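Read off the chains here:
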Amino acid sequence: MANSADLIIIGGGIIGSSVAYHLLHDGFTGKIIVFEKDSTYEFASTPRSAGGFRQLFTTAVNIQMSRFSLQVYKQFAKNMAIGDDTFEIDFKQRGYLFLGTETMMQHFKEHVKIQHQNGVSSELLGKKELLEIIPELHTDDLAGGLYCAESGYLDPYSVMQGYIKQAKKLGAEYRYEEVGSLLSGQNRIKGVRLTNGEECLAPVVINCAGAWASSLSKRANMPLPVEPLPRRIFLFDCEKPLKNALPLTMDPTGAYFRHEGKKFIAGIAEDMEPKIDFTWKRSEFIDRIWPILAGRIPNFEKVKVERGWAGLYDYNTVDHNAIIGEYPGMKGYFTAFGFSGHGMQQAPAVGKGISELIRTGRYETIDLTPLRVERFAENDLVVEDAVY
Ligand SMILES: Cc1cc2nc3c(=O)[nH]c(=O)nc-3n(C[C@H](O)[C@H](O)[C@H](O)COP(=O)(O)OP(=O)(O)OC[C@H]3O[C@@H](n4cnc5c(N)ncnc54)[C@H](O)[C@@H]3O)c2cc1C
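In this text the structure is predicted, and so the values were computed from the model without any measurement.

**Q** Can you walk me through the nonpolar core in this structure?
**A** Buried together is how nonpolar side chains tend to be arranged in soluble globular proteins. The biggest cluster of nonpolar side chains holds 52 residues, and the ones touching the most others in it are Tyr73, Ile206 and Ile324. Elements that contribute at least two residues to this core include exactly strand E1 (7-10), helix H1 (14-25), strand E2 (32-35), helix H2 (60-74), helix H3 (76-80), helix H6 (156-169), strand E19 (333-337) and helix H9 (343-360). Membership of the second largest hydrophobic core comes to 27 residues, among which are Val192, Leu194, Ala220 and Val373.

**Q** Even after reading the chapter, I still don't get the domain arrangement of the chain, so can you show me in this structure?
**A** Bring the parts together and some accessible area is lost; that lost area is often taken as the interface size. When cut into domains, the chain gives domain 1 (7-72 + 156-225 + 318-378) and domain 2 (99-151 + 227-314). Between domain 1 and domain 2, the C-alpha centre-to-centre distance is 29 Å. In this complex, domain 1 contributes 27 residues to the contact, which on the side of domain 2 involves 27 residues. When domain 1 packs against domain 2, close to 2100 Å² is buried across both sides, 59% of that on carbon and sulfur atoms. Looking at the side of domain 1 facing domain 2, the largest losses of area belong to Arg48, Ala50 and Leu56, adding up to 28% of the total buried there. At the junction of domain 1 with domain 2, the criterion picks out 1 salt bridge. In this structure, Arg67 engages Glu150 in a salt bridge whose closest nitrogen and oxygen atoms are separated by 3.3 Å. For the interface between domain 1 and domain 2, the tally reads 13 residue pairs in polar contact (both at pLDDT 80 or more). Counting residues per element, the ones that place at least two in the side of domain 1 that touches domain 2 are strand E3 (52-53) and H2. The dominant element in the side of domain 1 that touches domain 2, judged by the number of residues it contributes, is H2, at 5 residues. Here the side of domain 1 that touches domain 2 is composed, by residue class, of 13 nonpolar, 11 polar and 3 charged.

**Q** Is there a simple way to think about the side chain of Ser122 in this case?
**A** With respect to the element layout, Ser122 can be found in strand E5 (residues 122-125). A relative accessible area of 4% means that Ser122 is categorised as buried.

**Q** Looking at this model, I keep getting lost on the site of the ligand. Mind explaining?
**A** In the neighbourhood of the ligand, 35 residues make up the surrounding shell, with Glu36, Ser45, Thr46, Gly52 and Gln345 lying closest. Separating an oxygen atom of the ligand from a backbone N or O atom of Ile15 is a distance of 3.0 Å. Take Met344: an N or O atom from its main chain is 3.2 Å from an oxygen atom of the ligand. Computed on the free molecule, the ligand has an accessible area of 990 Å², of which 97% lies beneath the protein chains in the complex. Elements supplying a minimum of two residues to the shell around the ligand: H1, strand E13 (226-238), strand E17 (303-316) and H9. Taken together, the residues of the shell around the ligand sort by class into 16 nonpolar, 13 polar and 6 charged. A domain-level breakdown of the shell around the ligand finds at least three residues from each of domain 1 (7-72 + 156-225 + 318-378) and domain 2 (99-151 + 227-314).

**Q** I would appreciate a short explanation of the packing of aromatic side chains in the present structure.
**A** Describing an aromatic ring pair means giving the distance of the ring centres and the angle of the ring planes. Tallied over the full model, the rule gives 17 aromatic pairs. Pairing Phe53 with Phe91 gives two aromatic rings, centres 5.5 Å apart and planes at 65°, and the pair type is edge-to-face. Placement of the pair is Phe53 in strand E3 and Phe91 in the loop between H3 and strand E4 (96-100), with a sequence separation of 38 residues. Each member of the pair, Phe53 together with Phe91, is buried. An angle of 40° between the planes, with centres 6.1 Å apart, marks the rings of Phe98 and Phe108 as tilted. Taken as a pair, Phe98 in strand E4 and Phe108 in helix H4 (residues 102-117) lie far apart in primary sequence, 10 residues in all. Taken individually, Phe98 and Phe108 each receive the classification buried, so the pair is uniform in this respect.

**Q** Got a minute to help me understand the sheet that holds strand E15 (residues 255-260) in this structure?
**A** The strands making up a sheet associate through backbone hydrogen bonding, with each pair oriented either parallel or antiparallel. The 8 strands are arranged E5-E6-E4-E14-E15-E16-E13-E17 in an open sheet whose pairing can be described as mixed. Of all strands in the sheet, those with a lone pairing partner are E5 and E17, marking the two edges. Pairwise comparison of adjacent strand axes, ignoring direction, gives a mean angle of 20° for this sheet. When E15 meets strand E16 (residues 263-268), the two strands line up antiparallel, connected through 6 bridges. Residue pairing in the sheet places Arg258 in a bridge with Ile265 of E16. On the sheet, helix H8 (residues 282-296) packs against E4, E13, E15, E16 and E17 and is oriented at approximately 105° with respect to E16.

**Q** Sorry if this is basic, but what is going on with H4 here?
**A** Between its first and last C-alpha atoms H4 spans 24 Å; for 16 residues at 1.5 Å apiece the expected length is 22 Å, and the two agree. If you check which residues of H4 are buried, you get Met105, Phe108, His111, Val112 and Gln115. In this fold, the buried residues of H4 make contact with H2, E4, E5 and strand E6 (144-148).

What counts, and at which threshold
Residues numbered from 1 in each chain as written. Predicted model: local features only at pLDDT ≥ 70, side-chain atom pairs only at ≥ 80, totals over all residues. Heavy atoms only, no water. Core = buried A, V, L, I, M, F, W, Y, C linked by side-chain atoms within 4.5 Å. Buried < 20%, exposed > 50% of the residue type's maximum accessible area, 1.4 Å probe, protein only. Helix = DSSP H or I, 4+ residues; strand = E, 2+ residues; numbered from the N terminus. Domains from an automatic or database assignment. Contact = heavy atoms within 4.5 Å. Buried area = accessible area lost by both parts, 1.4 Å probe. Salt bridge = Lys/Arg side-chain N within 4 Å of Asp/Glu carboxyl O. Polar contact = N/O pair within 3.5 Å; in protein donor to acceptor, adjacent residues only side chain to side chain. Nonpolar A, V, L, I, M, F, W, Y, C, P; charged D, E, K, R; others polar. Near = heavy atom within 4 Å. Areas by Shrake-Rupley, 256 points an atom, 1.4 Å probe, with all protein chains shown as cover. Phe/Tyr/Trp six-rings, centres within 6.5 Å; stacked < 30°, edge-to-face > 60°. Pairing = 2+ DSSP bridges. Axes fitted to C-alpha atoms, helices over the stretch in contact; angles between N-to-C directions. Expected span 1.5 Å × (residues − 1).

Spelled out as structure tokens, the structure:
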């Protein structure tokens, strides 16, 4: 096997594979090698994601990325099909709903203005309209909600498989090896060294290693403020079915829930210690999440937890958004990590953007420069009022 390429991607999850696909689809003619340490993707974040898709962001760049991805996901099965392999991603456009207290509604009013300026059909709801969507909802402590009907949830694993298979079909070579370090010299990236000792050379290396990306970058003296942050999800059933299919619903407490088939999944966004940790306990659901759910929807008073799992956010500790672009002072080294819990929905836009940046030297479809690496040194942060 040749140990050189025109471009190396580290990490073949949804981001790395979207980048590989878009480059080749858009006309990149060089040789691409994707290094992926685990062909089963057992601990990758993508298959462990909640699959939530929303446009209810408050920065133009995040909204535009979601708007782009929305169009892609609506047509994904059709456009990515390879013969009979159609990659049904089960995109349920059942809406995305933030429930709000009186204070939160003041913020939502500002959010709606930004969202409308950027083409999102979000709406402020009163209690009556909340009950039309979720008739069983307890609304005593709520003042209303912020809702986007076009959004919802989908199956991240199938999206990832679609990108992997298309990237392979277009010529990307996937090698199931772990990258141990980055090789560089004279302010230029030179390639990677694998943990098996082999070197692979390339003038362009894109770090899409998810929750493991920042430690690789840091070891090469290119630190970024991103840590692996554990997040847990629980699958449960309840005795009495709900009248309507649920939107992805975010409670004011940070707990969220949605249908998963006829059952439900739920999780909670709360402060955790950054570390690589895949443990989960049933008691976390019972003690922390269940009381919130049962208080919100009486049907959830009687639930049976079937299973849970933990996954890792690649969590940007400074402004909680992706870090995308060439690392200053290291020609050819690009980052695409720090997604902080919204990378699944941004994957199509990120792939498209990086493809443009590398092939033409500039963004054409969406300007991703607000997400550049330099923003930390320049104190030009991407402050998102709606990241959980
Ligand atoms: C519990 C949970 C819920 C989430 N919910 C949502 C949601 O509702 N909506 C949303 O948009 N996003 C959500 N996310 C976030 C989303 O899953 C991630 O942003 C996205 O999957 C990141 O994709 P990735 O390709 O960067 O990472 P990954 O899928 O982790 O892929 C990175 C790959 O790199 C490989 N790798 C790592 N190091 C190396 C190395 N040294 N050499 C070779 N390969 C390497 C790994 O094996 C892995 O396969 C959630 C995440 C979690 C954990």
